Amino acid sequence: GGVEVPPGFPKKTSSALGRVMPKPPTNEWDALEMAEQQEMRDAREVARDEAKAVAEGKKQARQAMEKERLEREAAEAEEIRQMILKEQEREKEVRSREEEMRREELLRQQIGQREREREEHMKVLEERRREQERKVAEEQEREKQLVEHEKKLRKLQQQQQKQQQQQQ
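S.K.: What should I look at first to understand the overall build of the protein in this one?
M.R.: Per the secondary structure count, the protein includes one helix and two strands. Sequence-ordered secondary structure for the protein, helices as α and strands as β, is β-β-α. Burial analysis of the protein (168 residues in total) assigns 5% to the buried set. A total of about 15,800 Å² of accessible surface is found on the protein, and carbon and sulfur atoms cover 53% of it.

In structure tokens, the structure reads:
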């Protein structure tokens, strides 16, 4: 609102200030009244400036709190993101270790399988070797018996010859 201008004061306004400019005082009473009005105007202006400053201060405090809250929330979000990343990394390591263990187990199974196959093969070879030895032993035994038999035959023949010679 505008300032009340008492009667007798021209209503000149300063475009720069937008307030009524009183004419210079004519007597002491006018001077006092003008000074009082100026003081009141100044007081209102000071009060308005202070209110503005308080409002601005509150606004800045709110903005600062808001900024702090946003920064805190961003920090918390980043912390959570880091925790998630660490957890994912741990899961990846666990999966990797599990995969490694599965591969090792598979390898052990394959090695065990090959070991059993080799043992089986060795048994078969051992069996063949024994069979071969048995055959060789049988063959040798037959040969020995044959030799024995031939000796006996020769002896018999010799005896028969002797008997024949003696008879003649």
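S.K.: Please clarify how the pattern of salt bridges should be interpreted in this entry.
M.R.: Any two side chains of opposite charge can pair, so long as their charged atoms come close to each other. Using the criterion set out here, one finds 17 salt bridges in the structure. A salt bridge links R90 to E87; its shortest N-O distance comes to 2.6 Å. Of this pair, R90 and E87 both sit in helix α1 (residues 28-167), three residues apart, which is roughly one turn of that helix. R102 serves as the salt-bridge partner of E99, at 2.8 Å between the closest nitrogen and oxygen. With E99 and R102 both in helix α1, this residue pair falls three residues apart, about one helical turn. The class for R102 is partly exposed, based on a relative accessible area of 48%. Through salt bridges with shared partners, a single ionic network connects E126, E127, R129, R130 and E133.

S.K.: What exactly am I supposed to notice about the confidence of the model for the protein here?
M.R.: The predicted structure's coordinates, where accompanied by low pLDDT, should not be read in detail. Chain-level pLDDT for the protein is 88 on average; 85% of the residues reach the 70-or-more range. Per-residue pLDDT, averaged within each element of the protein, yields its smallest value for strand β1 (residues 12-13) (52) and its largest for α1 (94).

S.K.: I keep staring at α1 and nothing clicks. Help me out?
M.R.: One turn of an α-helix holds 3.6 residues; hence residues three or four places apart share an orientation. For α1, with 140 residues, the first-to-last C-alpha span of 202 Å sits near the 208 Å given by 1.5 Å per residue. Inspection of α1 places D30, M34 and R41 among the buried residues, and these make up the whole buried set.

What counts, and where the lines are drawn
Counting of residues starts from 1 at the beginning of each chain's written sequence and follows it residue by residue. Restriction of local features to residues with pLDDT of at least 70 applies here, the model being predicted, together with a cutoff of 80 or more for giving and counting side-chain atom pairs; totals for whole chains, interfaces and linings are based on all residues. Hydrogens and water molecules were not included; the side-chain quantities draw on all heavy atoms of the structure. Secondary structure elements follow DSSP: runs of H or I of four or more residues count as helices, runs of E of two or more count as strands, with numbering from the N terminus. For every residue, the accessible area (1.4 Å probe, protein chains only) is compared with the maximum for its type, and the residue is labelled buried under 20%, exposed over 50%, or partly exposed between those bounds. Only the protein chains shown count as cover for residues, with accessible areas throughout obtained via the Shrake-Rupley method and a probe of 1.4 Å. Salt-bridge detection follows one rule: a side-chain nitrogen of Lys or Arg within 4 Å of a carboxyl oxygen of Asp or Glu. Per-residue confidence from the predictor is reported as pLDDT, a score between 0 and 100. A helix is expected to reach a length of 1.5 Å times the quantity of its residues less one.

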